[in-house]
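Summary of structural features
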Amino acid sequence: MTDNFDLESLVHLEQIFYDSGYQEGHAHGRIHGLIEGRALGREKGFEMWEELGFYEGFALLWKSVSILQGREDDRALNHIKHLLTLISEFPRANPSVIDKEGSVDVPKLFRQIRSRYKALCAAVGIRPSLRAAEKSLPDDDQGMDGGSMSDQQTNGKEPIWTVDNRPGDPIGS
Amino acid sequence: MDFDSPWDENPHPDSTRDAEWTKMSSEFTNAGYREGITAGKESTLQEGFDSGFAQVGAPIGREIGLLRGVASGLVSYLSTSKGLSDQDIQLVEAREIAAGLSGIRFSDIAPRDLEAEQHAREHLEMEGKDADDDMDINEELAEKRKMEGLEDMLSRLAAETHSPDGGQKRPTTEDVQRLKVRLQTLTSAIGLPEAILWG
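Residues numbered from 1 in each chain as written. Chains lettered and ligands numbered in written order. Predicted model: local features only at pLDDT ≥ 70, side-chain atom pairs only at ≥ 80, totals over all residues. Heavy atoms only, no water.

Per an unreviewed UniProt entry, chain B goes by Protein YAE1 and derives from Marasmius oreades. Note on chain B: under the UniProt heading Sequence similarities (unreviewed entry), the record states "Belongs to the YAE1 family." (UniProt positions renumbered as here; feature names shortened; annotations may be inferred.)

Per an unreviewed UniProt entry, chain A goes by the name Essential protein Yae1 N-terminal domain-containing protein and belongs to Marasmius oreades. Quoted verbatim from the Sequence similarities (unreviewed entry) field of UniProt, the annotation for chain A is "Belongs to the LTO1 family."

Shown next, in the form of structure tokens:
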């Protein structure tokens, strides 16, 4: 029992048990990663696009008002045009993935959209919705570049937002 | 019997040794399992996030957001620009639609994650085997659901004091469709060009 061969085979056995456990656990973990990831991604995608969609619908409403009233070249219409263009440039997939490629500066785009929305509100003489002031989405100081997935897992505070080295798949419109 | 194996040298099966053996094997298997589940989870979390974002969250969010934006713009147009009175039938309707839309939560209209449900059932079936039942519930989301539950409770309490039967149901995707139709009907009645609004 105490010669070298036996010790080695014992160590080997431990490794075999460990490996078989690891494999089983890994397969199970993959399922849970997908499930939890989907739940988080759904929530984040909804939150982000609900806000963008709101600005889009709002802009479309005022565009249709402008046309109804035959005011084709006023200040509001100019804001509407810019707002709709900015929104159409916004990625429909997880923007942090695309952001890594440097093609879209998502926080900047978001800021531009919000201020264009506020400008449109001013032009049509109404008070902007409070959502434009919310800080729930990525800003300069947090979000896009922070928090790896493991950070996310341990503190549970920041939604996964950033990926390391994953090719983006820009789905613009 | 294979007598080359060190484990078979003892001619009298020793219960202590059997127990040691079982303990050793399960200790290492469990340690591997724990490490494996963490690594496996990390390996797919981002993939899941991206698919949930692009395939479910973003399109549904945009749809609801669009309706809310149109309804909100319509209310301001009718009340501010057109200066309609609060009793005006069109303004009342626009406000009702906007209120209906604002009461919708993502959890009311999100499609079921069948794979997640299936997996949860599998866990129930072999209950006790694994101690990771709550793995899928992210803290932040769990907190949100708890808040929504609380809101529901409060609104039920409020409803009971107002109406005798009180039983309130959460809105569904059908309700969203009905609100959309009402919104389309209203904007057409006002004469807003449909092609611009509803593409």
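Next comes the rest of the write-up.
Looking at the element boundaries, E51(A) is found in helix α1 (residues 4-68). The class of E51(A) is buried, set by a relative accessible area of 3%. (Helix = DSSP H or I, 4+ residues; strand = E, 2+ residues; numbered from the N terminus. Buried < 20%, exposed > 50% of the residue type's maximum accessible area, 1.4 Å probe, protein only.)

Glancing now at the UniProt feature "domain: Essential protein Yae1 N-terminal" (unreviewed entry) in chain A. Sequence positions flagged by UniProt for "domain: Essential protein Yae1 N-terminal" (unreviewed entry) are, in local numbering, residues 21-59 of chain A. Across residues 21-59 of chain A, the secondary structure splits into 100% helix and 0% strand, with the terminal C-alpha atoms separated by 56 Å.

Residue and element names in this part refer to chain A. Here N78 is to be found in helix α2 (residues 75-89). The exposure class of N78 is partly exposed, given its relative accessible area of 36%. Distance from N78 to Q112, taken between C-alpha atoms, is 14 Å for residues 34 residues apart in sequence.

The next thing to look at is the UniProt feature "domain: Essential protein Yae1 N-terminal" (unreviewed entry) in chain B. Feature annotation in UniProt places "domain: Essential protein Yae1 N-terminal" (unreviewed entry) on residues 32-71 of chain B, given in this structure's numbering. The distance separating the terminal C-alpha atoms of residues 32-71 of chain B is 55 Å; by composition the span is 100% helix and 0% strand.

Now for the interface of chain B and chain A. Each side of the interface is counted separately: chain B has 75 residues, and chain A has 70 residues. With both chains or domains summed, chain B and chain A bury close to 6800 Å², and 66% of this area falls on carbon and sulfur atoms. Scanning the region where chain B abuts chain A turns up seven salt bridges. A salt bridge links E43(A) to R145(B); the nearest nitrogen and oxygen atoms lie 3.1 Å apart. Counting across the interface, chain B meets chain A through 26 residue pairs in polar contact (both at pLDDT 80 or more). Those elements that place two or more of their residues in the side of chain B that touches chain A are α1 (15-81), α3 (106-109), α4 (114-125), α5 (139-162) and α7 (194-198) of chain B. Among the residues making up the side of chain B that touches chain A, the classes are represented as 33 nonpolar, 24 polar and 18 charged. (Contact = heavy atoms within 4.5 Å. Buried area = accessible area lost by both parts, 1.4 Å probe. Salt bridge = Lys/Arg side-chain N within 4 Å of Asp/Glu carboxyl O. Polar contact = N/O pair within 3.5 Å; in protein donor to acceptor, adjacent residues only side chain to side chain. Nonpolar A, V, L, I, M, F, W, Y, C, P; charged D, E, K, R; others polar.)

Let's shift gears to the environment of A110(B). Relative to the helices and strands, A110(B) is located in the loop between α3 and α4. Judged by its relative accessible area of 23%, A110(B) falls in the partly exposed class. For the pair A110(B) and G69(B), spaced 41 residues apart in the sequence, the C-alpha separation amounts to 20 Å. Apart from residues lying up to four places away in sequence, A110(B) is in contact with R42(A) and I60(B).

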